[in-house]
Amino acid sequence: MARRTTKRTTKKRATRKTAARRTRRAPKTLNDLFLETLRDIYFAENKIIKTLPKMSKAAHSKDLAAAFNKHLRETQGQVKRLDQIFKMLGKPARGKPCEAINGITDEGAEIMREFKNAPALDAGLLAAAQAVEHYEISRYGTLRTWAEELGMQDAATLLQATLDEEESTDRALTELATSVINLEAEGHYRAAA
């Protein structure tokens, strides 16, 4: 019986110590959240840099391939802006794994496998690219707003420049989808019917 009591007592002490350590930590602030989200988008942008050449190569449409290549160059510039922001914060530029972008890029890879040589491939690639754009627009809009609220005007300006590029890319992809890509995929469907 004595052994059981000792084990319970030891376990209670360990639990109290862990709880005490948790309460000693300073509460996380908007500044902490800003940095974590910055690391998230840094990882995402670097993942996108690896993914865009594959999408460009898979695309049937020269216009779509060119759009992917243009966005690749923009993304490389966006990473340089993020590097500048990390430098402003006095923090190392490093990413934090982002499950959201991993999921979106995995879906794009699945489309490339399942629709390889299919008429709808480009429509699927474009849809995957827009999912990435919408994720980036959400992140950059949030980061810009937080930077403004935290008094980081230089960071906010850099984030706004990237947000403008992401929104422009999204509009260009929508135009390409509605004027060419989706019609071609649909036309192949009608011709086959």
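The sections below set out a description of the structure shown in this document. Fair warning: this is a prediction, and the values are worked out from it, not measured in the lab. (Residues numbered from 1 in each chain as written. Predicted model: local features only at pLDDT ≥ 70, side-chain atom pairs only at ≥ 80, totals over all residues. Heavy atoms only, no water.)

**Examining the pattern of salt bridges**
Side chains bearing opposite charge may pair, as long as their charged atoms lie close to each other.
Thinking step 1. Tallied over the full model, the rule gives six salt bridges.
Thinking step 2. In this structure, Arg-39 engages Glu-36 in a salt bridge whose closest nitrogen and oxygen atoms are separated by 3.3 Å. With Arg-39 and Glu-36 both in helix α2 (residues 30-58) and three residues apart, the pair spans about one turn of that helix.
Thinking step 3. Judged by its relative accessible area of 9%, Arg-39 is buried.
Thinking step 4. When the shortest N-O distance is used, the salt bridge between Glu-148 and Arg-144 registers 3.8 Å. In this pair, Glu-148 and Arg-144 are both assigned in helix α5 (residues 121-149), four residues apart and thus about one turn of the helix distant.
Thinking step 5. Note on Arg-144: relative accessible area 19%, which makes it buried.
Thinking step 6. Several salt bridges share partner residues, and in doing so they unite Glu-36, Arg-39 and Lys-96 into one network. (Salt bridge = Lys/Arg side-chain N within 4 Å of Asp/Glu carboxyl O. Helix = DSSP H or I, 4+ residues; strand = E, 2+ residues; numbered from the N terminus. Buried < 20%, exposed > 50% of the residue type's maximum accessible area, 1.4 Å probe, protein only.)

**Focus on the nonpolar core**
Thinking step 1. The biggest cluster of nonpolar side chains holds 43 residues, and the ones touching the most others in it are Phe-34 and Leu-64.
Thinking step 2. Counting residues per element, the ones that place at least two in this core are α2, α3 (62-89), α4 (99-114), α5 and α6 (153-192).
Thinking step 3. Looking at this core, the element that brings in the most residues is α5, giving 11 residues.
Thinking step 4. With residues near it in sequence (within four places) discarded, Leu-64 still touches Ala-59, Asp-122, Leu-125, Leu-126, Leu-173, Leu-176 and Ile-181. (Core = buried A, V, L, I, M, F, W, Y, C linked by side-chain atoms within 4.5 Å. Contact = heavy atoms within 4.5 Å.)

**Focus: the packing of aromatic side chains**
Any aromatic ring pair is given by two values, namely how distant the centres are and how the planes are angled relative to each other.
Thinking step 1. By the definition in use, this model includes one aromatic pair.
Thinking step 2. An angle of 85° between the planes, with centres 5.3 Å apart, marks the rings of Tyr-42 and Phe-86 as edge-to-face. One end of the pair, Tyr-42, is in helix α2; the other, Phe-86, is in helix α3, and 44 residues separate them in sequence.
Thinking step 3. According to the relative accessible area criterion, Tyr-42 is buried, its value standing at 12%. (Phe/Tyr/Trp six-rings, centres within 6.5 Å; stacked < 30°, edge-to-face > 60°.)

**So, the packing of α3 against α5**
Thinking step 1. Contact pair α3 / α5: the axes reach a minimum separation of 12 Å and the direction vectors enclose 20°. Comparing the axis directions of α3 and α5 gives the class roughly parallel. The handedness of the crossing between α3 and α5 comes out as left-handed. Between α3, through Leu-64, Phe-68, His-71, Gln-78 and Leu-82, and α5, the contact on the second element is made entirely by Asp-122, Leu-125, Leu-126, Ala-129, Glu-133, Glu-136 and Tyr-140.
Thinking step 2. Classifying every residue of the contact of α3 with α5 by side-chain character gives seven nonpolar, two polar and three charged. (Axes fitted to C-alpha atoms, helices over the stretch in contact; angles between N-to-C directions. Parallel < 35°, antiparallel > 145°, perpendicular 65-115°, else oblique. Left-handed = near helix turned anticlockwise from the far one by under 90°. Nonpolar A, V, L, I, M, F, W, Y, C, P; charged D, E, K, R; others polar.)

**Observations regarding unusual backbone geometry**
Thinking step 1. Phi is positive for Asn-117, which is not a glycine, with a value near 65°.
Thinking step 2. Tracing the sequence through the fold places Asn-117 in the loop between α4 and α5.
Thinking step 3. Residue Asn-117 is classed as exposed on the basis of its relative accessible area, which comes to 64%.

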